[in-house]
Amino acid sequence: MRRRTRPLRLRIVFAVAVPIAIVAAWQIVATARPSLYWPSPLMIVQSFGRTWLDGMIVQDVLPSLGRFVVGYLIAVVVGVVLGLLIGSFRRLRYAAEPVIDIFRAVPPPVIVPVVMLFVGIGDDMKIIVIAIGSVWPVLLNTVEGVRGIDEVQRSTADSYRVSPWRRYVRIALPAATPQILVGARQSLSIALIMMVISEMFAATNGIGFNIVQFQRLFALPEMWGGIVILGVIGVVANVLFTFAERRVAAWHFGMQESR
Amino acid sequence: MSTVEPILEVSGLRKVYGSGPGAVEAIGSLDFSIGRGELVCIVGPSGAGKTTFLRCVSGLLAPTSGTIALEGAPVSGPPPGMAVVLQEYGRSLYPWMTVAQNVELPLLEKRMTRARRAELVTSSLVAVGLPHAGRQYPWQLSGGMQQRVAIARAIAYEPHILVMDEPFAAVDAQTRAELEDLVRGLWQRLGVTVLFVTHDIDESVYLGERVLVLSSAPACILAEIPVDLPAARDQLTTRALPRFVELRTEVYERIQEAKHTSYSADAGGPARPADAVPAVVG
């Protein structure tokens, strides 16, 4: 065990020290040669209190987060349900896979103007855009996960005459879970991208909307503040995902560690 | 044994994979029956098509021709009165379920109360010597213990016939001896019919009341050897009996014959990923 703790400690030191060093270097350069486009970290932090933390949290950050969470959850649920079906029925897979390949080859941001035509520029549009953009990794990984179920596990279920419904819920779904989680993690970053893009196109509030507004108003420390917020959201979302993943597939991680 | 009412009747069973000139005959023709309450071992050289045969008997694979009847009803899919224990215990138990959940899963399909299910799970885990393992996950257990769980799942299902496909081929020798005694004990206590497939000659003689010797592929039954050893068997004394030695010699000779007798052109047929490398037909 001691052997493992030392590299771990080293990693924590690096994980903290390197970002601090980068920010410090940024601060030094920005102070030495001030530039309108590269405000110093201190200026960004100072602008933070006036803008993002004052009112904008409720007016912009929370609505963005809400759309992000709802859109992402829709993508996961739809992706898993469709993936279970497509993965279970060969004919359905033959029919669906070419279509899926075409749809996911389209770069997700181009769906924004299309969806706008149909549902306007409200929250619906953003949620739909996030869901459509991020559904593919979950869907494809669920299909693969279901197809990859062990042959012995499958024939065991056959020989004990496990009903179709229980096969989905008790066998196919858990068996595919490790693979589904791989897809869900990819979808998470796409969902964040789609959240920002949908707000940059057309919106009246939100983080992406304000980053564009600040840039147009030459309020550059404030613009950078928005980018920092996006970074923080991404990191927190990943940490929460890892936490959820460990709970949902505790058996999978336990099994890996027991090997 | 023919006086006993038959529970499983196999007649003219034949299985050919593929068709045309590339067809591979795994089972030539099998005819036998097993009486209710019997413990029959099927022993055959590796590559005899044992797994193909078992998949047919358990309704997972449709035979090319011939019939299988369990308790008088033809087998066309997995029959309700049968439980199967496979060699690959690590893959037949579901790693996302606890031991108790694994044992309980097949029972959910049967109409019984929750209390009855819990009772069956507990009593079967006790019967296989794992009374405290219910809340653990299969991967936290040793290989031998995992196979005990698979056996517990099978007996909790209350089958009329228990089919075992080389269940102990992947465990160490000591565990194997313990598990053999466990199977004999369960057979005697529960009165369930057991069809035990193995490639191990000693195991077939030690366990069985009757041994069916299978030829190499395409499989047929070469000999049927009744095992007239005392019912109470013991790893040390039974295996030391002169009669035990005679019987295993007999089975061994039959299997040697099986290997050297060519029933069909055996010129390097395509290797199959199943347990068999069956000969090419024709």
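Per chain, residues are indexed from 1 in the order of the written sequence. Both sets of labels track the order of writing: A upward for chains, 1 upward for ligands. Totals for whole chains, interfaces and linings use all residues, but because this is a predicted model, local features are given only for residues with pLDDT of at least 70 and pairs of side-chain atoms are given and counted only at 80 or more. Side-chain calculation: all heavy atoms of the structure are included, whereas hydrogens and water are not.

Q: So what about the packing of aromatic side chains? Which residues, and what values?
A: For Phe, Tyr and Trp, rings pair up if their centres lie within 6.5 Å, where Trp contributes its six-membered ring, and each pair is then called stacked (planes under 30 degrees apart), edge-to-face (over 60) or tilted (otherwise). This model, assessed by the stated rule, comprises 11 aromatic pairs over all chains. Judged by centre distance (5.7 Å) and plane angle (70°), the rings of Trp26 of chain A and Trp224 of chain A are edge-to-face. Here the residue Trp26 of chain A occupies a position in helix H1 (residues 2-32), and Trp224 of chain A occupies one in helix H10 (residues 220-248), the gap between them amounting to 198 residues. Overall, the relative accessible area of 18% leaves Trp224 of chain A in the buried class. Look at Tyr160 of chain A and Tyr157 of chain B: their rings are 4.9 Å apart centre to centre, the planes differ by 85°, and that puts the pair in the edge-to-face class. One end of the pair, Tyr160 of chain A, is in the loop between helix H7 (151-159) and helix H8 (164-201); the other, Tyr157 of chain B, is in the loop between helix H5 (143-156) and strand S7 (161-165), on a second chain. A run of DSSP states H or I qualifies as a helix once it reaches four residues; a run of E qualifies as a strand once it reaches two. Both are numbered from the N-terminal end. Note on classification: 1.4 Å probe, protein chains only; a residue is buried when its accessible area is under 20% of the maximum for its type, exposed when over 50%, partly exposed between these limits.

Q: Explain helix H4 (residues 114-127) of chain B residue by residue, including any values.
A: Residues and elements named next belong to chain B. Multiply 1.5 Å by the residue count of a helix minus one, and that product is the helix's expected span. Compared with the 20 Å implied by 1.5 Å per residue over 14 residues, the 20 Å span of H4 between its first and last C-alpha is a close match. In this description, contact between two residues means that some pair of their heavy atoms is separated by no more than 4.5 Å. Contact partners of the buried residues in H4: helix H3 (99-104), H5 and helix H6 (173-190). Positive backbone phi, approximately 80°, marks Gly129, located one or two places after H4.

Q: Report on the sheet that holds strand S6 (residues 82-85) of chain B, specifying residues and quantitative values.
A: All names here are of chain B. In short, DSSP must find at least two bridges between two strands for them to pair. Spatially, 10 strands are ordered S5-S4-S1-S2-S10-S9-S3-S8-S7-S6 in an open sheet, and the strand pairing comes out mixed. Two strands lie at the open edges of the sheet, namely strand S5 (73-74) and S6, each paired on one side alone. In the sheet, strand S1 (residues 6-17) pairs with strand S4 (residues 65-70) via 5 bridges, with the strands oriented antiparallel. Each residue of the ladder has a partner; that of Ser11, found in S4, is Thr67. In the packing of H5 onto the sheet, the strands contacted are S6 and S7, and the crossing angle to S6 comes to about 175°. Axes, fitted as lines to C-alpha atoms, cover a helix only where it is in contact. Angles between the N-to-C directions of the axes lie from 0 to 180 degrees.

Q: Tell me about the interface of chain A and chain B, residues and numbers included.
A: In this complex, chain A contributes 22 residues to the contact, which on the side of chain B involves 28 residues. Computed with a 1.4 Å rolling probe, the buried area is the accessible surface lost when two parts are put together, summed over both parts. For the pairing of chain A and chain B, the buried interface totals around 2,300 Å² over both sides, and the portion due to carbon and sulfur atoms is 62%. By the criterion of area lost to chain B, the three top residues of chain A are Tyr160, Arg161 and Arg170 of chain A, representing 32% of everything that side buries. Salt bridges are counted wherever a side-chain nitrogen of Lys or Arg sits within 4 Å of a carboxyl oxygen of Asp or Glu. Here chain A and chain B share 2 salt bridges between them. Note that Arg91 of chain B and Asp150 of chain A form a salt bridge whose closest N and O atoms lie 2.7 Å from each other. Elements that contribute at least two residues to the side of chain A that touches chain B include exactly H7, H8 and helix H11 (250-258) of chain A.

Q: Lay out the state of the cysteines with the relevant residues and their values.
A: Residues and elements named next belong to chain B. We call a pair of cysteine sulfur atoms a disulfide when they lie within 2.5 Å. One pass over the structure, following the stated rule, counts 0 disulfides over all chains. In this structure Cys56 is not part of a disulfide, and its nearest cysteine sulfur, from Cys220, lies 15 Å away. Relative accessible area serves as the criterion here: at 2%, Cys56 is assigned to the buried category.

Q: Go over a nonpolar patch on the surface with me, naming the residues and quoting the values.
A: All names here are of chain A. Two distance rules govern patches: like charges are joined within 9 Å, and nonpolar side chains (Val, Leu, Ile, Met, Phe, Trp, Tyr) within 5 Å, applied only to residues with over 30% relative accessible area and no salt bridge. Method for areas: the Shrake-Rupley scheme with a 1.4 Å probe, in which residue coverage is limited to the protein chains shown. Taken together, Val70, Ile74, Val77, Val78, Val81, Leu82, Leu85, Phe89 and Leu92 make up a surface patch of nonpolar side chains, about 700 Å² in accessible area. At 7 residues, helix H3 (residues 56-88) tops the list of elements feeding residues into the nonpolar patch. With respect to the secondary-structure elements, Val81 resides in helix H3.

Q: So what about the nonpolar core? Which residues, and what values?
A: Counting 108 residues, the largest nonpolar core has Ile207 of chain A together with Ile151, Leu162, Phe196 and Val251 of chain B as its most contacted members. The element contributing the most residues to this core is H8 of chain A, with 12 residues. For every domain, the bounds stem from an assignment made automatically or drawn from a database. A domain-level breakdown of this core finds at least three residues from each of domain 1 (1-78 + 165-180 + 193-274) and domain 2 (82-158) of chain B. Residues contacting Ile151 of chain B, with those up to four places away along its chain left out, are Val85, Val128, Met164, Phe168, Leu182, Val183 and Leu186 of chain B. Among the nonpolar cores identified, the runner-up in size contains 33 residues, and Leu8, Ala26, Ala48 and Ile161 of chain B belong to it. Among buried residues, those of type Ala, Val, Leu, Ile, Met, Phe, Trp, Tyr and Cys that are joined through side-chain atoms within 4.5 Å constitute a nonpolar core.

Q: Explain the pattern of salt bridges to me, and be specific about the residues and the numbers.
A: Residues and elements named next belong to chain B. Under the defined criterion, the tally for this structure stands at 31 salt bridges over all chains. Between Arg36 and Glu5 there is a salt bridge, and its shortest N-O distance comes to 3.3 Å. On the criterion of sequence distance, the pair formed by Arg36 in the loop between strand S2 (24-35) and strand S3 (39-43) and Glu5 in the segment before S1 is long-range, its members being 31 residues apart. For Arg36, a relative accessible area of 36% gives the class partly exposed. Looking at Glu5, the relative accessible area reads 47%, which means it is partly exposed.

Q: An account of the domain arrangement of chain B is requested, with residue identities and associated values reported.
A: Residue and element names in this part refer to chain B. On domain assignment, one finds that chain B holds domain 1 (1-78 + 165-180 + 193-274) and domain 2 (82-158). Each side of the interface is counted separately: domain 1 has 13 residues, and domain 2 has 11 residues. Carbon and sulfur atoms supply 67% of the area buried between domain 1 and domain 2, which totals about 960 Å² over both sides. The largest share of the area that domain 1 buries against domain 2 comes from Asp165, Pro167 and Leu179, three residues that together contribute 39% of it. Connecting domain 1 to domain 2 are 1 salt bridge. For Arg148, the salt bridge goes to Glu178, with nearest N and O atoms at 3.3 Å. Nitrogen and oxygen atoms within 3.5 Å of one another constitute a polar contact, given that in protein one can donate a hydrogen and the other can accept it, and given that sequence-neighbouring residues count only through two side-chain atoms. Scanning the region where domain 1 abuts domain 2 turns up 4 residue pairs in polar contact (both at pLDDT 80 or more). Here the side of domain 1 that touches domain 2 gets 3 residues from one element, more than from any other, and that element is H6. Broken down by class, the residue content of the side of domain 1 that touches domain 2 amounts to 8 nonpolar, 2 polar and 3 charged. Throughout this entry, Asp, Glu, Lys and Arg are counted as charged residues, while Ala, Val, Leu, Ile, Met, Phe, Trp, Tyr, Cys and Pro are counted as nonpolar. The remaining residues, Gly among them, count as polar.

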